Amino acid sequence: LEKEGLFDPKHKKPIPFLPDRIGIVTSRSGKAIRDILKVIDDRFPESHILIRDVRVQGVGAAEEIAEAIRELNQFGKVDVLLVGRGGGSLEDLWAFNEEVVARAIFASKIPVVSCVGHELDYTIADFVADVRAGTPSMAAEMVVPDKTELLETVEDHIHRLRSALLEKLTLLSERLRAQRESVFFRRPERIFLPMEQRLDDLTATLKEGLSGRIEKQKNRFLLHIG
């Protein structure tokens, strides 16, 4: 499986920040599902959950797990999958070491979080999955943000944005007030004074130039007729 690239990090898909639908592949009667549901209910009770009940140990368990993963992919309305079970012996966890489960996880278009056993337990499913969680509860914490913390963060951003806007508005108001109080607003004719002065200077220069030219032409004319 490693030679085929099933463990290669380049194939790992990111886990969505706030999944709309969470698919769970585990036993409906096991401790894992109770732990997962409790964490989700505490953190973000509005989450939509789809549970696919499977056997998680014994003959045929691996095939059921693989088929459940394929079915949820075909369903297509799931944003992330939690695949796992609670703790147990090596034999109890063996279904998650089976090749059929590994290939189903690898073929999944939906990001998969493996959560098999306890933190010290490792299975082949953990290496193929996009993310490994040490326990089912930790998997739930990974995929569902804490609503209270999220709302606090949003409120903090809103407060920062409001403060920034008020500061900007205050600055613009002060600039506008300064412009209104400036001499150009109180005596707008002052705006044209530099232009008038420039026009007067140009007119004087033009008159002087024309007078000199006319005088020169007059003298040349008198010399000619004299």
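That block above? That's the structure.
Calculation notes
Residues numbered from 1 in each chain as written. Predicted model: local features only at pLDDT ≥ 70, side-chain atom pairs only at ≥ 80, totals over all residues. Heavy atoms only, no water. Buried < 20%, exposed > 50% of the residue type's maximum accessible area, 1.4 Å probe, protein only. Helix = DSSP H or I, 4+ residues; strand = E, 2+ residues; numbered from the N terminus. Arc of directions from axis to C-beta. Contact = heavy atoms within 4.5 Å. Right-handed = clockwise from strand over helix to strand, strands pointing away. Pairing = 2+ DSSP bridges. Phe/Tyr/Trp six-rings, centres within 6.5 Å; stacked < 30°, edge-to-face > 60°. Lys NZ or Arg CZ within 6 Å of the ring centre and 35° of its normal. Axes fitted to C-alpha atoms, helices over the stretch in contact; angles between N-to-C directions. Parallel < 35°, antiparallel > 145°, perpendicular 65-115°, else oblique. Left-handed = near helix turned anticlockwise from the far one by under 90°. Nonpolar A, V, L, I, M, F, W, Y, C, P; charged D, E, K, R; others polar. Expected span 1.5 Å × (residues − 1).

What follows covers helix α5 (residues 136-143). Where α5 is concerned, the buried positions are Pro-136, Ala-139, Ala-140 and Val-143. For α5, the angular spread of the buried residues around the axis is 100 degrees, confining them to a single face. Looking at the buried residues of α5, the elements they touch are β1 (21-26), α1 (31-43), β3 (80-85) and β4 (112-116).

Quick look at the pairing of β4 now. Along a regular strand, successive side chains alternate from one face of the sheet to the other. The buried count for β4 comes to five of five residues, which makes it a mostly enclosed element. Here β4 shows no split at all, with Val-112, Ser-114 and Val-116 on one side and Val-113 and Cys-115 on the other all buried. Regarding topology, helix α3 (residues 99-107) serves as the crossover connection from β3 to the parallel β4, and that connection is right-handed. By the bridge criterion, two bridges tie β4 to strand β5 (residues 131-132) in an arrangement that is parallel. Paired with Ser-114 across the two strands is Arg-132, which belongs to β5.

Turning next to the packing of aromatic side chains. Here the structure, examined in full by the defined rule, presents two aromatic pairs. Relative to Phe-127, the ring of Phe-7 lies with its centre 5.9 Å away and its plane at 50 degrees, an arrangement referred to as tilted. Pair noted here: Phe-7 is in the segment before β1 and Phe-127 is in helix α4 (residues 124-128), with a separation of 120 residues, a long-range link. On the basis of relative accessible area, Phe-127 is assigned to the partly exposed category, the value being 45%. Ring plane angle 25 degrees and centroid distance 5.9 Å describe the contact between Tyr-122 and Phe-127, whose orientation is recorded as stacked. Taking the relative accessible area as the measure of exposure, Tyr-122 reaches 49% and is therefore partly exposed. Directly above the ring of Tyr-122 sits Arg-132, whose terminal nitrogen or CZ lies 3.8 Å from the centroid. When the ring centre of Phe-44 is taken as origin, the NZ or CZ atom of Lys-147, which lies over that ring, is 5.9 Å away.

A few words now on the sheet that holds strand β2 (residues 48-53). Hydrogen bonding along the main chain pairs the strands of a sheet, whether they run parallel or antiparallel. Strand order across the open sheet formed by five strands is β2-β1-β3-β4-β5, with parallel pairing between neighbours. The strands lining the two open edges of the sheet, one partner per strand, are β2 and β5. The sheet contact formed by β3 and β4 spans five bridges and is parallel. Following the sheet pairing, Leu-82 is matched in β4 by Val-113. Together, β1, β2 and β3 form the strand contacts of α1, whose direction differs from that of β1 by roughly 160 degrees. Across the face of the sheet, helix α2 (residues 61-75) comes into contact with β1, β2 and β3 while running at roughly 145 degrees to β2.

At a minimum axis separation of 8 Å, α1 and α5 run at an interaxial angle of 30 degrees. When the axes of α1 and α5 are compared, the pair comes out roughly parallel. Handedness of the α1/α5 crossing: right-handed. Across the interface between the two elements, Ala-32, Asp-35, Ile-36, Val-39, Ile-40 and Arg-43 from α1 touch Pro-136, Ser-137, Ala-140 and Glu-141 from α5. The residue makeup of the contact of α1 with α5, split by class, is six nonpolar, one polar and three charged.

A few words on α1. Its 13 residues give α1 an end-to-end C-alpha distance of 19 Å, which sits within 8% of 18 Å, the value for a rise of 1.5 Å per residue. Restricting attention to buried positions, one finds in α1 the residues Ala-32, Ile-33, Ile-36, Val-39 and Ile-40. In a view along the axis of α1, the buried residues occupy a sector of 135 degrees, so they form one face of it. Residues of α1 that are exposed and angled more than 90 degrees away from the buried face: Lys-31, Arg-34, Lys-38 and Asp-42. At its buried positions, α1 is contacted by β1, β2, β3 and α5.

Take it as geometry only, folks, not as evidence of what the structure does.
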